[in-house]
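One-letter residues, chain by chain:
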Amino acid sequence: MTARVRCSISFDQLDRICEALDCTLPELLEYIPNPQPKTGENLILEEHGNRKKKSS
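Given the structure is predicted, the values throughout are model-derived calculations rather than measurements. (Residues numbered from 1 in each chain as written. Predicted model: local features only at pLDDT ≥ 70, side-chain atom pairs only at ≥ 80, totals over all residues. Heavy atoms only, no water.)

1. Section: unusual backbone geometry
One non-glycine residue, Asp22, adopts positive backbone phi at about 55°. Looking at where Asp22 falls in the secondary structure, it is placed in the loop between helix 1 (11-21) and helix 2 (25-28). (Helix = DSSP H or I, 4+ residues; strand = E, 2+ residues; numbered from the N terminus.)

2. Overview of the confidence of the model for the chain
Across the chain, pLDDT averages 78, with 66% of residues at or above 70. The lowest-confidence element of the chain is strand 2 (residues 51-53), averaging 57 in pLDDT; the highest-confidence one is helix 1, averaging 95. (pLDDT = per-residue confidence, 0-100.)

3. Quick look at the state of the cysteines
Put plainly, a disulfide is one covalent bond tying together the sulfur atoms of two cysteines. Going through the model one piece at a time under the given rule, you end up with zero disulfides. Sulfur of Cys18: no disulfide; nearest cysteine sulfur belongs to Cys23 and is 4.1 Å away. Residue class for Cys18 comes out buried when judged on its relative accessible area of 9%. Overall, Cys23 belongs to the buried group, its relative accessible area being 18%. (Disulfide = S-S within 2.5 Å. Buried < 20%, exposed > 50% of the residue type's maximum accessible area, 1.4 Å probe, protein only.)

Put into structure tokens, the structure is as follows:
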């Protein structure tokens, strides 16, 4: 997986992968924070519930 690809994986799938590879989650995954914050003061929730980037 790369930062450009969005996908989802269940905890059950992660568990099966770790079991098959005899590894732990920290050995399997690396967390790389998004350079553009998308929570807190940088998040606007509109009436319909969609997220919108806060304009400067």
